[in-house]
Amino acid sequence: MHARITAAAVCATALLSAVPAGASTVSLGPQKAARGKVTTPTGTARAILGKARTSAAVTQVRVLVSAPARARSLSVGIYADRSGHPGRRLTVGRTTAVKPGWRLVTVPQVQLVAGHRYWVAVLTRGGALRSRAAKASCRSERSASRHLTALPATWRSGASSSRCMLAAGAVAPDGAPGAGDTSAAAPAPTVAPAAPAAGGAAPGASSPGLSTPPPPTASLPPVATLGAPSAAALASAKSAPFIRYGRSYPGGADTSDGWGGGASMVLATASYAGDTSADARLLAHIRDLVAGGNEPVANGGYPAQHERWVEGMLVLARRTPRVWNQLSESDRRKVDLVMTGALVGSAFTTSDSNPYVKSGGQQVTLDGDTDVNRDWNPNYREGMIGMMVVGAGYFGGGVAAQSVLDNYDAASFLSQLKSAGLTNQAATFSWKASNPSSAAPSAATVQAAVRGYRYKGLRLDQDMALARNLTENTYNAKVACGLNNGAGISTSGGPAGVIVSGCSGLANKGATGELQELDGVDGGGVRSSALYGYDGFRTNQNNAIVMLATGLWQNGTEADAVRARLKIGVPDLWYKLSKGYRGYASGSLQYIPDAPSEGVLRDDNANFSFPYSRTLWDQVLRPALGL
């Protein structure tokens, strides 16, 4: 199969490598170099327009880097054309091997269609990128933002130009010309320049990635630069017990660590950031998780928040190819089943098509638990609805995740779970059949509810809208020292629902952004709980890390709204935890294990993995968000 496409980045030479064996070499864009060079500053993306003359399945993009090579990472994306501008992003890849010469970047496979116009864009981080200028004129465009951390799912146009970088390059049949840090490509079709013309991408699309999920054993490339967790936190995570799941654990969270958690995400973020010392323990954790009987129950309810510790780990591991490819094919397929089950479980409990939601009656999980509602407090919502974003990250984007749901076959999936020995999820997905008198939904009911998924009208490819919806709900209170204007509620243990000390030093009083759980309600009336607030914060944080690592996070209005709430709410939480916060929940003083005084949660309590959460915020998420 031969394709001809003009698609290259203004700042570098791009080359697409097609899947079919025996294809010819590829040359892209203008073929003759001018004397000058094109420099692209860090945080700015540039793109060139091209046209596919025949269809091809693209898996790689090659980029020419000129000296001096100051950039630390390079992201390359392919976009559909929308009325002569880049539109929806179709695929993206990233490399940290930004040295002079040809760099080969692997991207998730995307099918390019003959006659359609596409754009290839390049974004650099950590320094400017230089490449040779091209003699020939072509249509190029700069991103509107000069502070991108990842290539946006939907392009926002900046200045356009007819001056481009040199887009000439060829891959020999053996992939010899400088493959960078990825495997050599199969030779690909030739590509030539094309004139700009109007085209069309589906309006309103916002999620990057694939239209169908990748093969269950395939790795996906990292697409963001994230900081590594602290050395102390990583050392602790390496020796921490593995978190496990199952209905035999007490407390309703179906996990061995309902209070703490976090070691798995510390390991995964360290490996993602390039620390190979974390790889062995991370791999051991994944293998333990999918050994059978340790995997998340995935009922789509309250336990979902606690399951995020390993779901986030699995997403990051898949986005770290050197780790993912060390897993056996069998283990990778089990991971895929685990993530499918988690996606389906939360899709059912949060779907607009859920019959219990539509009727306004008692909502239930897949295993018949009635302690659930998709509109309850953030410690439910961040786990249940957040899984939809995390699932999109794992499967290659919202459209691909929706494809998983639309093609979900209950009988086939249950058969695969049983064959894989994943007994926790097998029990969940056969609950109604095994317990006919249970309130659990039938397999057919679940299957129907997840197809054509919407949450309050939002699609799975509207990732940033989902993230904003979640975050603005989780951080929707006004900053205060506690309930009743800081007086709290009188209890036998002292005023509850209030900071223990340091009210005079509390910043941002009256500003919107405090965690809802510090000024919320539950079945007992008013509630003010730093513990439940901390739970919502941790799950929201894991969701955001996954979005960044998978390219779902896109700067713009939605991202700005999320940042605004986190900028207020997270420092407020840490301040209150440093001073101590006496919680009030379910109509009484809240129980806190090993509290310095009754009901008080403080950030030195060893039960709650504060060092893990703190490093994930301070070293990983906060710098990536520019906060």
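Structure's up top.
Caption draft 1: Examining the nonpolar core more closely. Ranked by size, the top nonpolar core spans 114 residues in total, and within it Met339 and Leu405 carry the most contacts. Per-element accounting of this core gives the leading share, 10 residues, to helix α16 (residues 530-550). Discounting chain neighbours no more than four positions away, the residues touching Leu405 are Leu343, Val344, Ala347, Met388, Val450, Arg451, Tyr453 and Leu460. Among the nonpolar cores identified, the runner-up in size contains 17 residues, and Val76, Leu90, Val110 and Val120 belong to it.

Caption draft 2: Representation of helix α6 (residues 329-350) in the model. The end-to-end C-alpha separation of α6 is 32 Å, in line with the 32 Å expected for 22 residues at 1.5 Å each. By the criterion of burial, α6 is predominantly enclosed, with 19 of the 22 residues buried.

Caption draft 3: Expanded view of the pattern of salt bridges. Under the criterion given, the structure shown has 20 salt bridges. Across the pair Asp375 and Lys456 runs a salt bridge, and its minimum N-O distance is 3.1 Å. Here Asp375, found in the loop between α7 (355-359) and α8 (378-384), pairs with Lys456, found in the loop between α14 (443-450) and α15 (463-474); they are 81 residues apart in sequence, far enough to count as distant. Overall, Lys456 belongs to the partly exposed group, its relative accessible area being 43%. Two residues, Arg527 and Asp522, come together in a salt bridge whose shortest N-O distance is 3.4 Å. In this structure, Arg527 and Asp522 share a single accessibility class: buried. Through salt bridges with shared partners, a single ionic network connects Arg468, Glu472 and Glu558.

Caption draft 4: Main features of the packing of aromatic side chains. Tallied over the entire structure, the rule returns 17 aromatic pairs. Geometrically, the ring pair formed by Tyr79 and Trp155 is edge-to-face, given 5.4 Å between the ring centres and 80° between the ring planes. Residue Tyr79 is found in strand β5 (residues 73-82), and its partner Trp155 is found in the loop between β10 (140-143) and β11 (157-161); the two are separated by 76 residues along the sequence. Under the relative-accessibility criterion, Trp155 is labelled buried at 3%. Ring geometry for Phe608 and Phe610: centres 6.1 Å apart, planes at 45°, overall tilted. When its relative accessible area of 0% is taken as the criterion, Phe608 is described as buried. Overall, Phe610 belongs to the buried group, its relative accessible area being 2%. Its end group placed over the ring of Tyr394, Arg318 keeps NZ or CZ at 4.5 Å from the ring centre. Sitting above the plane of the Trp574 ring, Arg614 keeps its charged end 4.6 Å from the centroid.

Reading the values: rules and limits
Residues numbered from 1 in each chain as written. Predicted model: local features only at pLDDT ≥ 70, side-chain atom pairs only at ≥ 80, totals over all residues. Heavy atoms only, no water. Core = buried A, V, L, I, M, F, W, Y, C linked by side-chain atoms within 4.5 Å. Buried < 20%, exposed > 50% of the residue type's maximum accessible area, 1.4 Å probe, protein only. Helix = DSSP H or I, 4+ residues; strand = E, 2+ residues; numbered from the N terminus. Contact = heavy atoms within 4.5 Å. Expected span 1.5 Å × (residues − 1). Salt bridge = Lys/Arg side-chain N within 4 Å of Asp/Glu carboxyl O. Phe/Tyr/Trp six-rings, centres within 6.5 Å; stacked < 30°, edge-to-face > 60°. Lys NZ or Arg CZ within 6 Å of the ring centre and 35° of its normal.

These figures come from the coordinates and say nothing about function on their own.
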